[in-house]
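Secondary and tertiary structure notes
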Amino acid sequence: MTDTGRGAGPDFIEALARGLDVLRSFRPGTPAMTLSEIAGHTGLARPTVRRILITLEALGYVRQAARGYALTPRVLELGMAYVNALSMWDVARPHMEKLVAQTNESSSMAQLDGPDIVYVARVAVPKIVTLSVTIGTRFPAPATSMGKVLLAGLPVAALREVMAEGSRSGITARWQPSAAELDTTLREVRAKGWALADQDLAPGVRSVATGVRDGDGNVIAAINVTVHAAETTIETLLEEHLPKLLRTAADISHDWSLTAAVPAVTV
């Protein structure tokens, strides 16, 4: 639903915000929606939704489908512009590929968006897993190893503010911690420097994650190794894969620091 009180000041463009609301209304499992369904998800009036869809269609972001409207691949440009602007993938990719070759398990990188994590890079191996993951996939942060790492890196006030928001992932995680349980878990993560998620998100999904830092030591992303619980024990994950993951994160952090330190020159 839209937040009618979200804008402040004369420079806030409500029409743009409503257009983004329409794009975000398309969730996993709903590749196409009718005008009425989009209006219901966004809380916008049908005439308003219709005008927005006509505009998005003209720009190439949605298309008419057999059942209403569907997103087009051009929407990916919006997310990839963010990833490419950070040069995150270019720097992290060779390190992640090396990690995957060493472990024969998938590795992903994510950043925090409110109380959710959003995947920004991934190197996968063909495995049968409970949940499908691609760039842009969103999961509730507390139930994921990367989310625990990212939440643990927040100041207390920022953590409370983030967790007061509602998840937009559309996923109901198996582990629904109380505030006290989450605080205890995050204290442990801060002390260890890594986090484990043992089927907290969904059955069969087990992962370990650690932070990737900038030149000032701030955690700006998290990287993980994900395994299938029926194939890989926690002992194997922590004793064999975790040391490799920690080295990979340190290498990426080092390269990010060097990249950020290079002055930009315009010729």
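Our structure's up above, just so we're on the same page.
Structure report, in brief. (Residues numbered from 1 in each chain as written. Predicted model: local features only at pLDDT ≥ 70, side-chain atom pairs only at ≥ 80, totals over all residues. Heavy atoms only, no water.)

Quick look at the environment of Arg18
By the secondary structure assignment, Arg18 is in helix H1 (residues 14-24). Classification of Arg18 as partly exposed rests on a relative accessible area of 32%. (Helix = DSSP H or I, 4+ residues; strand = E, 2+ residues; numbered from the N terminus. Buried < 20%, exposed > 50% of the residue type's maximum accessible area, 1.4 Å probe, protein only.)

What about the packing of helix H6 (residues 145-152) against helix H8 (residues 179-192)?
Between H6 and H8, the shortest axis-to-axis distance is 9 Å and the interhelical angle comes to 85°. Judged by the angle between their axes, H6 and H8 are roughly perpendicular. Between H6 and H8, the contacting residues are Lys148, Val149, Leu151 and Ala152 on the first element and Thr185, Leu186, Val189 and Arg190 on the second. Split by residue class, the contact of H6 with H8 holds 5 nonpolar, 1 polar and 2 charged. (Axes fitted to C-alpha atoms, helices over the stretch in contact; angles between N-to-C directions. Parallel < 35°, antiparallel > 145°, perpendicular 65-115°, else oblique. Contact = heavy atoms within 4.5 Å. Nonpolar A, V, L, I, M, F, W, Y, C, P; charged D, E, K, R; others polar.)

Concerning the packing of H1 against helix H3 (residues 46-59)
The interhelical angle for the contact between H1 and H3, taken along N-to-C directions, is 80°, at an axis separation of 10 Å. With respect to their mutual orientation, H1 and H3 come out roughly perpendicular. On H3, the residues that touch Arg18, Gly19, Val22 and Leu23 of H1 are Thr48, Ile52, Leu53 and Leu56. For the contact of H1 with H3, a count of residues per class yields 5 nonpolar, 2 polar and 1 charged.

Looking at the layout of surface pockets
Its boundaries defined by the atoms lining it, the largest pocket holds a volume of some 1400 Å³. Along the wall of the largest pocket there are 37 residues; nearest its centre are Val75, Ile135, Gly136, Thr137 and Arg138. Going through the elements one at a time, H1, strand E3 (68-71), helix H4 (76-86), strand E4 (106-113), strand E5 (116-123) and strand E6 (138-140) are the ones with two or more residues in the lining of the largest pocket. By residue number, the principal contributor to the lining of the largest pocket is H4, which donates 6 residues. (1 Å grid on protein atoms, 1.4 Å probe; cavity = no way out; pocket = protein on both sides within 12 Å on 5 of 7 lines; lining within 4 Å. Points joined across faces, edges and corners; volume = space filled by probe spheres on them.)

As for the side chain of Ser107
Take Ser107: it is sitting in strand E4. Ser107 sits in the buried class, given a relative accessible area of 0%. Looking at Ser107, its side chain comes within polar contact range of the main-chain oxygen of Asn224, at 2.8 Å. Discounting residues that sit within four places of it in the chain, Ser107 has contacts with Met96, Leu99, Val100, Arg122, Val123, Ile223 and Asn224. (Polar contact = N/O pair within 3.5 Å; in protein donor to acceptor, adjacent residues only side chain to side chain.)

So, the sheet that holds strand E7 (residues 194-198)
Pairing is antiparallel across the open sheet formed by 6 strands, whose spatial order is E6-E5-E4-E9-E8-E7. Both edges of this open sheet fall to E6 and E7, since each of them pairs with a single strand only. Looking at each pair of strands side by side, their axes are set apart by 30° on average, direction ignored. Pairing geometry for E4 and strand E9 (residues 219-228), over 5 bridges, is antiparallel. Its bridge partner being in E9, Ser107 is matched across the sheet by Val225. Relative to the sheet, H6 contacts E4, E5, E7, strand E8 (205-213) and E9, its axis offset from that of E9 by approximately 160°. (Pairing = 2+ DSSP bridges.)

Some words on the sheet that holds strand E2 (residues 62-65)
The 3 strands are arranged E1-E3-E2 in an open sheet whose pairing can be described as antiparallel. If you trace the sheet from one side to the other, it starts and ends with strand E1 (32-33) and E2, each paired once. Relative to E3, E2 runs antiparallel, the two being bridged by 4 bridges. Among the inter-strand pairings, Val62 is bridged to a residue of E3, identified as Leu71.

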